[in-house]
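Fold and contact review
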Amino acid sequence: MAFRSLVTTRTLTRGAKSVGLGLRGLQTFTLPDLEYDYGALEPAISGEIMQLHHQKHHQTYITNYNKALEQLEEAMTKGDSSTIVKLQSAIKFNGGGHVNHSIFWKNLTPANEGGGEPPHGSLGWAIDTHFGSFEALIQKMNAEGAAVQGSGWVWLGLDKEFKKLVVETTANQDPLVTKGASLVPLLGIDVWEHAYYLQYKNVRPDYLKNIWKVVNWKYAGKVYDKESP
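Below is a short write-up of the structure. These numbers come from a predicted model, not from an experiment. Counting from 1, residues in each chain are numbered in the order their sequence is written. In keeping with the predicted nature of the model, local features appear solely for residues at pLDDT of at least 70, side-chain atom pairs appear and are counted solely at 80 or more, and the whole-chain, interface and lining totals rest on all residues. Side-chain descriptors were evaluated using all non-hydrogen atoms of the structure, hydrogens and water having been removed beforehand.

Only one rule defines a salt bridge in this text: a Lys or Arg side-chain nitrogen within 4 Å of an Asp or Glu carboxyl oxygen. As enumerated under the stated definition, the model contains four salt bridges in all. When the shortest N-O distance is used, the salt bridge between K92 and D174 registers 3.8 Å. Of the two residues, K92 is situated in helix 3 (residues 81-106) and D174 in the loop between strand 4 (164-171) and strand 5 (183-190); the sequence distance between them amounts to 82 residues. Relative accessible area decides the class of each residue, using a 1.4 Å probe on protein chains only: under 20% of the type maximum gives buried, over 50% gives exposed, and in between gives partly exposed. What makes K92 partly exposed here is its relative accessible area of 44%. A salt bridge links K140 to E144, with the nearest nitrogen and oxygen atoms 2.9 Å apart. Secondary structure elements follow DSSP: runs of H or I of four or more residues count as helices, runs of E of two or more count as strands, with numbering from the N terminus.

Let's shift gears to the packing of aromatic side chains. When the centres of two rings from Phe, Tyr and Trp lie within 6.5 Å, Trp using its six-membered ring, the rings pair. Their planes under 30 degrees apart give stacked, over 60 give edge-to-face, and anything left gives tilted. Tallying each qualifying case throughout the model produces ten aromatic pairs. With centroids separated by 6.1 Å and ring planes inclined at 55 degrees, the aromatic side chains of F93 and W192 adopt a geometry described as tilted. Highlighted residues: F93 in helix 3 and W192 in the loop between strand 5 and helix 6 (197-200), separated in sequence by 99 residues. Seen from their ring centres, F104 and W153 are 5.7 Å apart, and the 85 degrees between their planes marks the pair as edge-to-face. Taken together, the residues span a long stretch of sequence, with F104 in helix 3 and W153 in strand 3 (residues 152-159) at a distance of 49 residues. The class of F104 is buried, set by a relative accessible area of 1%. The structure contains a cluster of three or more aromatic residues connected by ring pairs, namely F104, W105, W153 and W155.

Hydrogen bonds between backbone atoms are what pair the strands of a sheet, whose relative direction is either parallel or antiparallel. Strand pairing is defined by DSSP finding a minimum of two bridges between the two strands. An order of 4-3-5 is seen for the three strands of this open sheet, with the pairing classed as antiparallel. Looking at which strands have only one partner, the edges of the open sheet turn out to be strand 4 and strand 5. Going from strand to strand, the sheet's axes swing by 25 degrees on average, the running direction of each strand aside. Summarising the sheet, strand 3 and strand 4 pair through eight bridges and their orientation is antiparallel. Considered in strand 4, the bridge of G152 is made with A171. All axes are obtained by fitting lines to C-alpha atoms, using only the stretch in contact for helices, and the reported angles, taken between N-to-C directions, cover 0 to 180 degrees.

Going from E42 to P43, the amide bond is cis rather than trans, its omega being 5 degrees. Residue position: P43 is located in the loop between strand 2 (26-27) and helix 2 (47-78). With phi around 55 degrees, K163 is a residue other than glycine that occupies positive phi space. With respect to the secondary-structure elements, K163 resides in the loop between strand 3 and strand 4.

Structure below.
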């Protein structure tokens, strides 16, 4: 039975501060608060998964990202080109993990607070225009998310250059922007095993089927309205 955490994330991250690093003014990053308790997305996503995903996995990306940025600062100060190049993969992976998860938490909300309610307004119209229907979009994202080999993400994005919605997948922790500079993420679904394995084992399609019950389409709609050309 999945346990419910009665501790809010605000308590867990209280007192966290961004601190300037060196003369270049690089800053550390801190774990963002969630706007709901860990158990609030049950039964779609268990409280145990949410707590581990947020406290352990996301925090690890942040910790390693900050460490890589500190090392980059030192290497730049020393003019160590070799180390600067070597650090790029760690920065991309861990920085991407922080960026992606920060979006992911906002893409979710409890069912009793609107989670799962279909998008309305301009985003709803755009989905019908580009995919035929809301149901067709979900089927496409489920199919492409299930087909990701290994670990990665499936995204609904806005292509600002071509003024259209797109579904894309990215490997590992690559952000959507790695697929195109004009792409803005509206909704990202984590298909790494750590996002679902404790509850759904290795049946990723079941996880993808149920996560729609807690998707925050209101947030996606706000981003679409803000970013639409």
